[in-house]
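Topology and contacts: notes
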Amino acid sequence: MQKRLCLLLVLLSLSHALWAQVRVSGTVTGRTDGKPIPGVTILEVGTNNGTTTDINGGFALTSPPNATLRFSFVGMKPYDLNVKGLTSPVSVSLEEDPAQLSEVVVTGYKEERRRDLTGAVAVVNLKQTLQESNANILSSLQGRVPGVVIQSDGTPGGSGTAIRIRGFSTIGANGPLFVIDGVPTTYSGALNPNDIESIQVLKDAAAASIYGSRASNGVIVVTTKRASSPEPKITFDTFYGVQTLRNRIEMLNANEWGQVYWQAQRNSGLTPSHPQYGNGAQPVIPPFIDAENTIPASNTDWLGAVFKPSQIQSYNLGLSMGGTKGKLYTGLNYVRDNGIQQYTNYNRLTLRLNSDYTVKNRLTIGENLQVARFGEVKANVTHDAIFQHPLIPLYDNAGNFGGPTDGLGDKLNPLGILSRNRDNQSRNWRILGNVYAQLNLMKGLNLRTSYGVDYNNGYARNFEPRFKEGRFNIVENFLTTAYSEGLVGTWSNTLNFQKTVGEAHNIGFLAGVEAIQSQSESFSARRKNFLVQDYDYAYLGAGTDLQAADGGGSRYSLLSQFGKLDYSYREKYLFSATIRRDGSSRFGANNKYGVFPAFSAGWRISDESFLKDNRYVSDLKLRASWGRTGNQEIGDFTTLNFYRTSGEFGNYDLGGGNTSAVPGYYTVQIGNNNLRWESNTQTNIGLDASLFNGKLSLTADYFDKRTDGMLINPTLLAVYGQGAPPFINAGQMRNRGFEALVTYRGNVRDFSYSVDLNASTYRNQVLSLGEGNEFFLGAEANRIVPGQPLSVFYGWVADGLFRSQADVDAHATQPGKAPGRIRYKDLNGDGTINDQDRTYIGNPHPKLLAGMNLSAQYKGFDVSVFASGTFGNDVYNTFRKLTDFAYFPFNFGRQTLNAWTPENPGASVPAVNINNPNDELRASSYFVENGSFVNLKSLVLGYTLPAPVTKRLNIDRLRLYVQGQNLFIITNYQGMDPEVGARGPLDLGVDTQLYPHSRAINFGLNLAF
């Protein structure tokens, strides 16, 4: 009976709850246009009960009679509706979020609404980039911005990161200009990522031409944080990670080396023998590799000895506060990256102070200041670790580093090199900032003056001790001390006018003048023979022998006037015109000034009557631009002849007989007073689209840029005598390409997600090199030739191997040909392999660059996956010259175990040989490989504590996350890392094996009060 009564009470309770539920239905529309909005999320506050609107904006939801429903949609303000007393159907109208519609970006000396831009400007998603543990934030931009290629040198701190926007524009300098809080600079490595508010990339001439003389390679505008709330806000961000070598080349062990070398001698017609392995039928590893029996034979894994797991850590503290009269932001950051090579490291301490104060709502004065101190122990023994002989031990019996002896090459112990360099840290200071004042003369008219400073100094003390390694006995030690200092001052004055006339016309005008002066100085001193081998003792005054010194200085200046006009009619028809005149001290008197104009226009098609009522198109804008920018990145005194005195090169024997030498001067540089500006003309056509009420957005651009009068320093014939050849204006280059970025944002109840995809492609072509210049030589197989891409690979075509004597007999005359040797194509059909059979064998420029970022959030959890890839580029793998052949007394790659033999005629690696009879180290397609890759750059999983929990803890936000970085790379490239290689125009695509990338697992915390 009691159980029945309980059951009855439960049923009554359930029926009451069901009876108490109400059904709410209706339609959701936009407040501005009244159009239905599909996909709006409707959620009962405090529960998981919810739904979404259909294609007609309709919805229906059952909820308690006193519930509050929250309506949310991308680009709209959230709206809360209490259902108590409501009668269905209801009509809900959502208001557009003005923060999104009026989002402003900093372009050139001013802010502009993002929706009004007519140039090609990319806005970086900082929320994504800050999740990566890069000391240099620009390394995190790779694959995130279409048309931007970023190559890190892999070193701790990423100080050698190279950046290109829309490919190569010239044979000379190709790096972009950075503008940090209005201060122009060419260096960004000391930036604290947590201090950055926004990053814009100005890619076309219309967007960048306001910076005129330095904008031909694009501009990256960085704006740092300022206080946004009168309430004090404190943030603390930190991460700690462990890094390891991502990929390695597999080399032979000591026994395998002997087997391969024995085969190489047999293939060369010799009786096998070696100072270490003996002269028997099979190689024998000896107990010691020196006659004194002090260096035991080993089987050393040199890559394993040199590379190690290492730590990376970062700590950042931020404080912001302020009101209508004054604002203050300060940030303090410390980062340390120990590097995956032993005894290398990078550390940086950065202080940021931004403040502004307003007087009587008319005058604002402020400053932006960053002070950074960073140091690094920088060395790279990747090459030595790959090729050092495995028979050499890490240490000998006396505890010294093991070194080479007879038959084991001449490479020093890689670990010894790193150990002796461990205290040779360079120390640098970087001060970047400005002070400014802005006066509101009247409504819409502002006058602003700013003085910016970019100051740097660097100090390095490098001690080279005495040491003994194998047969090397270095009996003298050396100390080199160097100091450098540079200062760039920038004084900018602008007048900015903005006015709306009636309801249709919006006019903006900017006029300005800017003066820039740069000066630098450096000196170094060297001394030898220090009695005490202690770094703390090694100062110049403690040396006993040799005193040598050197030094120099440089300076240049720029004077510029510029103006910009912006006009829009009903925000539907947009027009902008820019002009800048620059004068540079780097050019001769008749060519100092260059004028750089640009024009752009935009048409907001979505505001036309034929699209006004379209429910799918939220915004559609067509853009077009044309403009010219300049380049003056050459030496500061290239118009002048330089001379230097020297006992070796400058003495003159006036009396004859080599008895009366008189000191004199010799030429070190030939000047060219006719140098003029290099100019870059670019046309851009772009489309911006926002569909389905902002859920789907698309940006696409086609560009065509042409460089004229390239500033180049050609290799001249010896008939010119002493002195560096002069810079000249010669040649033309063209880049054409396409870029696209697609973004989709969606949400279903508590689950929200986003998909970002970007792709870009460009085609580079050298049009000419000036009169009389047929080609310029680069490194290895690189060649710069009219009609070809910059630094195209040039050489012989390797057509497999000779598989048999019949193959050899049927082929053209080729000195050294034999079974197992590389066969080269007879391209001109004359029956002889010679220089006339060379052709273009590879293109280092990628056909496609792509990036993908997927992110999702569910309640407090968030996850993001970011991958980038490069496709269709060739890499010239110079390391195969050592790994695939046995011509040198160093280690070989494991592929030589499967080299050609009569029993293995199908091999792809030539028969090992110690004489190189077929000249197989020549530049050929044998060394050209497909450099395409896909890299999983970042995988992040985070959790943010719920608001009720953080409220009890008296904090605003607490997020914990774990991140994997560079987790794996998919590639067919046989080198260590397809992302690491030479980055200059003359050695583009050549793998010189710089410091390789690391794989990292990081644990982080974001805390806000």
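Residues numbered from 1 in each chain as written. Predicted model: local features only at pLDDT ≥ 70, side-chain atom pairs only at ≥ 80, totals over all residues. Heavy atoms only, no water.

1. Comments concerning the overall build of the protein chain
The following threshold applies: Secondary structure elements are defined from DSSP: runs of H or I of at least 4 residues count as helices, runs of E of at least 2 residues count as strands, and each element is numbered from the N terminus. For the radius of gyration, the atoms used are the C-alpha atoms, and the globule rule reads 2.2 Å times the number of residues raised to 0.38. Buried, partly exposed and exposed residues are distinguished by accessible area as a fraction of the type maximum, computed with a 1.4 Å probe on protein chains only: under 20%, between the cut-offs, and over 50%, respectively. Residue contacts are defined here by distance: any two heavy atoms, one from each residue, within 4.5 Å place the two residues in contact. Accessibility throughout is a Shrake-Rupley quantity obtained with a 1.4 Å probe, and a residue counts as covered only by protein chains that appear here. Charged-residue counts in this description rest on Lys and Arg as positive and Asp and Glu as negative, His and the chain ends being excluded. Lys charges are placed at NZ, Arg charges at CZ, Asp charges at CG and Glu charges at CD.
Regarding its fold elements, the protein chain presents 12 helices and 55 strands. In summary, the protein chain has a C-alpha radius of gyration of 34 Å against a globular reference of 30 Å for 1009 residues, a match within 12%. In terms of principal-axis extent, the alpha carbons of the protein chain reach across some 110 × 90 × 70 Å. Put simply, the protein chain has 1009 residues, and 51% of those count as buried. For the protein chain, the proportion of contacts with a sequence separation of at least 24, taken over those separated by at least 6, is 68%. Just so you have it, the protein chain exposes about 44700 Å², and 56% of that area is on carbon and sulfur atoms. Taking the 93 positively charged and 86 negatively charged side chains of the protein chain as two groups, their mean positions are separated by 8 Å.

2. A closer look at the side chain of N735
We apply this condition: What qualifies as a polar contact is a pair of N or O atoms within 3.5 Å, subject to a donor-acceptor requirement within protein and to the restriction that residues adjacent in sequence count only when both atoms come from side chains.
With respect to the element layout, N735 can be found in strand 40 (residues 732–748). Engagement of the side chain of N735 in a polar contact is seen with the backbone oxygen of R166, the distance being 3.3 Å. Of the polar contacts made by the side chain of N735, one reaches the backbone oxygen of F168; its length is 2.3 Å. Once you skip the residues sitting within four places of it in the chain, N735 turns out to touch R166, G167, F168, S169, F703, D704, K705, Y762, R763 and N764.

3. Notes on the packing of aromatic side chains
Cut-off, in case you're wondering: When the centres of two rings from Phe, Tyr and Trp lie within 6.5 Å, Trp using its six-membered ring, the rings pair. Their planes under 30 degrees apart give stacked, over 60 give edge-to-face, and anything left gives tilted. Only when the NZ atom of a Lys or the CZ atom of an Arg is both within 6 Å of the ring centre and within 35 degrees of the ring normal do we say a charge sits over the ring.
Evaluation of the coordinates by the stated rule reveals 29 aromatic pairs. Look at F599 and W626: their rings are 6.3 Å apart centre to centre, the planes differ by 20°, and that puts the pair in the stacked class. You can see F599 sitting in strand 30 (residues 593–604) and its partner W626 sitting in strand 31 (residues 617–631), a full 27 residues away along the chain. Every member of this aromatic cluster is reached through a ring pair, and the members are F793, Y876, F885, Y887, Y926 and F927. Just above the ring of Y556 sits the side chain of R586; from NZ or CZ to the centre is 4.0 Å. The ring of W796 has R838 lying over it, and the distance from NZ or CZ to the ring centre is 5.5 Å.

4. With respect to the layout of surface pockets
Operational definition: Here the term cavity refers to a set of points on a 1 Å grid, laid over the protein atoms alone, in which a 1.4 Å probe fits but cannot get out; the term pocket refers to an open set having protein on both sides within 12 Å along at least five of seven lines, with lining residues being those that place an atom within 4 Å of a point. Grid points are joined across faces, edges and corners, and a volume is the space filled by probe spheres set on the points. Any residue outside Ala, Val, Leu, Ile, Met, Phe, Trp, Tyr, Cys, Pro, Asp, Glu, Lys and Arg is labelled polar, Gly included; the first ten of those are nonpolar and the last four are charged.
Counted as a void, the second largest pocket has a volume near 560 Å³. Around the second largest pocket, the lining is made up of 30 residues, and of these T186, R430, D454, N456 and V488 lie nearest the centre. Mapped onto the lining of the second largest pocket, the elements with two or more residues apiece are strand 14 (183–185), strand 22 (426–442), strand 23 (445–464), strand 26 (478–501), strand 27 (505–530) and strand 28 (543–569). A total of five residues in the lining of the second largest pocket trace back to one element, the largest contributor, which is strand 26. Taken together, the residues of the lining of the second largest pocket break down into nine nonpolar, 13 polar and eight charged.

5. Quick word on the nonpolar core
Taken as a class, soluble globular proteins show a tendency for nonpolar side chains to be buried jointly. As a reminder, the rule being used: To define a nonpolar core, start from buried Ala, Val, Leu, Ile, Met, Phe, Trp, Tyr and Cys residues and group those joined through side-chain atoms within 4.5 Å.
Membership of the largest hydrophobic core comes to 58 residues, with the highest contact counts inside it found for I386, F387, F793, Y876 and F892. Looking at this core, the elements that each hand over two or more residues are helix 5 (254–267), helix 6 (302–306), helix 7 (382–387) and strand 46 (822–824). In contact with Y876, not counting residues within four places along its chain, are E780, A781, F793, K881, R922, A923, S924, F927, V928, G989, V990 and D991.

6. A short note on helix 5
What counts is decided by this rule: The span expected for a helix works out to 1.5 Å for each residue beyond the first.
Here helix 5 spans 20 Å end to end across 14 residues, near enough to the 20 Å set by a 1.5 Å rise per residue. Those residues of helix 5 not exposed but buried are A254, E256, W257, G258, V260, Y261, W262, A264 and Q265. Looking at where helix 5 begins, the residue whose side-chain oxygen comes 3.1 Å from the main-chain nitrogen of N255 is N253. Downstream of helix 5 by one or two residues, G269 has phi in the positive range, about 80°.

7. Remarks on unusual backbone geometry
A cis amide bond links S88 with the next residue in sequence, P89, at an omega value of 0°. Phi angles above zero are rare outside glycine, and D181 is one such case at about 55°. Summarising the element assignment, D181 is placed in the loop between strand 13 (177–180) and strand 14. Given the relative accessible area of 14%, D181 is considered buried.

8. Considerations on the sheet that holds strand 54 (residues 990–991)
Under the convention used in this document: Pairing between strands is defined by DSSP: at least two bridges between the two strands are required.
Spatially, three strands are ordered 51-50-54 in an open sheet, and the strand pairing comes out mixed. Looking at the sheet topology across the chains shown, the edges are occupied by strand 51 (928–930) and strand 54. Looking at chain direction, strand 50 (residues 874–877) and strand 51 are connected through three bridges and run antiparallel. Residue pairing for strand 51: D874 is matched across the bridge by N930.

9. A look at the confidence of the model for the protein chain
Basically, it comes down to this: You can read pLDDT as the predictor saying how much it trusts each residue, on a scale of 0 to 100.
With 93% of its residues at a pLDDT of 70 or more, the protein chain has an overall mean of 88. Within the protein chain, helix 1 (residues 2–20) has the poorest average pLDDT of any element, 43, and strand 46 the best, 97. Below pLDDT 50 for its whole length, residues 1–19 participates in zero contacts with residues either more than four positions away or in separate chains. Segment residues 716–720: pLDDT under 50, and two contacts once partners within four positions in sequence are set aside and those in other chains are kept.

10. A word on the pairing of strand 7 (residues 90–94)
Here strand 7 shows a buried face lined by V90, V92 and L94 and an unburied face lined by S91 and S93. Where strand 1 (residues 22–30) lies against strand 7, five bridges are found, and the strand directions are parallel. If you follow T29 over to strand 7, its bridge partner there is S93.

11. Side note on the pattern of salt bridges
So the rule is basically this: One side-chain nitrogen of Lys or Arg within 4 Å of one carboxyl oxygen of Asp or Glu is enough to make a salt bridge.
Tallied over the entire structure, the rule returns 40 salt bridges. The shortest N-O distance in the salt bridge between D582 and R580 comes to 3.0 Å. The partner of D688 in a salt bridge is R623, and the shortest N-O contact between them spans 2.9 Å. Of this pair, D688 sits in strand 36 (residues 678–691) while R623 sits in strand 31, placing them 65 residues apart in sequence. Of the two residues, D688 and R623, neither departs from the other in class, the shared state being buried. One salt-bridge network, held together by shared partners, links R113, R115, D116, E571, R604 and D619.

12. Re the sheet that holds strand 15 (residues 196–202)
Here is the rule: For helices, the fitted line uses only the C-alpha atoms of the stretch in contact; every axis is such a line through C-alpha atoms, and the angle between N-to-C directions lies from 0 to 180 degrees.
If you walk across this open sheet you meet the five strands as 10-15-16-13-14, and the pairing is mixed. Of all strands in the sheet, those bounded by a partner on one side alone are strand 10 (121–123) and strand 14. Strand-to-strand twist of the sheet, defined as the mean angle between neighbouring strand axes without regard to direction, takes the value 20°. In this structure, strand 13 lies alongside strand 14, joined through three bridges in antiparallel fashion. Across the sheet, the residue bridging to I180 is V183, located in strand 14.

13. So, a nonpolar patch on the surface
Stated precisely, the cut-off is as follows: For patch detection, residues must exceed 30% relative accessible area and be free of salt bridges, and they are connected within 9 Å for like charges or within 5 Å for nonpolar side chains (Val, Leu, Ile, Met, Phe, Trp, Tyr).
A cluster of nonpolar side chains, namely Y357, V359, L363, I365, L439, L441, M442, L447 and L495, defines an oily patch on the protein surface of about 720 Å² accessible area. For the nonpolar patch, the secondary-structure elements that each account for two or more residues are strand 20 (345–359), strand 21 (363–377) and strand 22. Here the nonpolar patch takes three residues from strand 22, the largest share from any one element. Within the element layout of this structure, L495 appears in strand 26.

14. Digging into the side chain of N368
Of note, N368 is situated in strand 21. Classification of N368 by relative accessible area gives buried; the value is 5%.

15. With respect to the pairing of strand 19 (residues 326–337)
Moving residue by residue along a regular strand, the side chains alternate between the two faces of the sheet. In this structure, strand 18 (residues 310–322) lies alongside strand 19, joined through 11 bridges in antiparallel fashion. Within strand 19, the position partnered with N316 by the bridge is N333. Between strand 18 and strand 19, which pair antiparallel in sequence order, lie three residues. Looking at chain direction, strand 19 and strand 20 are connected through 12 bridges and run antiparallel. Among the inter-strand pairings, Y334 is bridged to a residue of strand 20, identified as L349.

16. Topic: the environment of P815
With respect to the secondary-structure elements, P815 resides in the loop between helix 10 (805–810) and strand 46. Overall, the relative accessible area of 58% leaves P815 in the exposed class. For the pair formed by P815 and V912, sequence separation is 97 residues and the distance between their alpha carbons is 17 Å. If sequence neighbours within four positions are ignored, P815 has contacts with P917 and N918.

17. Considerations on the environment of A60
On the secondary structure map, A60 appears in strand 4 (residues 58–63). With sequence-adjacent residues up to four places away left out, A60 is seen in contact with R23, V24, S25 and T51.

18. Focus: the environment of T950
Here T950 is to be found in helix 12 (residues 947–952). We classify T950 as buried; its relative accessible area is 4%. Expressed as a C-alpha distance, the spacing of T950 and F692, which sit 258 residues apart in the sequence, is 36 Å. Apart from the residues within four sequence positions on either side, T950 is in contact with L945, I955, D956, R957 and L958. A polar contact of 2.9 Å, which involves the side chain of T950, links it to the backbone oxygen of A947.

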